[in-house]
Amino acid sequence: MTATENGRRMLQIAAAAADSKGGEDLVGLDVSEPLPLVDIFLLVTGRSERNVAAIADEIEDKLLEAGHKRLRREGREESRWVLLDFGDLVVHVFHEQERVYYGLERLWKDCPVVPIELPERITPAR
């Protein structure tokens with residue numbers, strides 16, 4: 001099994017939203033083989049609790065605007081590791097320290113990476 005086209009579209013929406021709020025080290029993992037109910041994990045790092053919360057909120061808003069239904073959200077109060085479950089896509093927004101500590105990339109190292117295409121950023125002329 002491989003990730004569905006719907007999961008891949010959701011990944012691009014979520015990744016663009018995360019990037020717009022300063023999310024770093026974005027990684028998409030195709031977990032459809034070991035987890036038949038989920039297609040893709042998106043892992044994102046935020047620099048502070050406030051940044052983690054802003055990234056998670058933006059991802060949630062953009063996926064809801066695109067017509068996707070959130071099934072579950074966990075960790076928003078502490079904003080150290082926020083999990084957003086949208087069915088085909090599960091987003092993990094980590095504080096830097098939690099990302100290193102839990103090491104989901106190591107846990108899911110056998111899963112293929114799904115390419116993320118971020119929109120070009122326009123830098124102002126000086």
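> So what's going on with the overall build of the chain? Residues and values would help.
Scanning the chain for helices and strands turns up 4 helices and 6 strands. Element order for the chain, N to C, with α for helix and β for strand: α-β-β-α-β-β-β-α-α-β. For 126 residues, the compact-globule estimate of 2.2 N^0.38 gives 14 Å, and the C-alpha radius of gyration of the chain, at 14 Å, lies within 12% of that figure. Expressed along its principal axes, the backbone C-alpha trace of the chain runs to roughly 50 × 30 × 25 Å. Counting all 126 residues of the chain, 46% fall into the buried class. Once local pairs closer than 6 in sequence are excluded, the contacts in the chain between residues at least 24 apart make up 63%. Carbon and sulfur atoms make up 51% of the accessible area of the chain, which totals about 7,400 Å². Of the side chains in the chain, 17 bear a positive and 24 a negative charge, and the two mean positions are spaced by 4 Å.

> For the pairing of strand S1 (residues 24-30), give the residues involved together with the corresponding values.
The element S1 is extensively covered by neighbouring structure, given that 5 of its 7 residues are classed as buried. With 5 bridges joining them, S1 and strand S2 (residues 40-46) adopt antiparallel strand pairing. Residue pairing across strands places leucine 29 opposite phenylalanine 41, the latter belonging to S2. As judged from the 2 bridges shared by S1 and strand S6 (residues 113-114), these two strands associate in the antiparallel manner. Residue pairing across strands places glycine 28 opposite valine 114, the latter belonging to S6.

> For helix H1 (residues 5-20), give the residues involved together with the corresponding values.
In this model, H1 (16 residues) spans 23 Å end to end at C-alpha, consistent with the 22 Å of a helix rising 1.5 Å per residue. All of the buried residues along H1 are Gly7, Met10, Leu11, Ala14, Ala15, Ala17, Ala18 and Asp19. Lining the buried residues of H1 we find S1, S2, helix H2 (49-65), strand S5 (89-95) and S6.

> Report on the environment of glutamate 78, specifying residues and quantitative values.
Summarising the element assignment, glutamate 78 is placed in the loop between strand S3 (72-74) and strand S4 (81-85). Put simply, glutamate 78 and alanine 16 are 62 residues apart on the chain and 24 Å apart in space, counted from C-alpha to C-alpha.

Parameters and conventions
- Residues numbered from 1 in each chain as written.
- Predicted model: local features only at pLDDT ≥ 70, side-chain atom pairs only at ≥ 80, totals over all residues.
- Heavy atoms only, no water.
- Helix = DSSP H or I, 4+ residues; strand = E, 2+ residues; numbered from the N terminus.
- Rg over C-alpha atoms; globule rule 2.2 N^0.38 Å.
- Buried < 20%, exposed > 50% of the residue type's maximum accessible area, 1.4 Å probe, protein only.
- Contact = heavy atoms within 4.5 Å.
- Areas by Shrake-Rupley, 256 points an atom, 1.4 Å probe, with all protein chains shown as cover.
- Lys, Arg positive; Asp, Glu negative; His and termini not counted.
- Charge placed at Lys NZ, Arg CZ, Asp CG, Glu CD.
- Pairing = 2+ DSSP bridges.
- Expected span 1.5 Å × (residues − 1).

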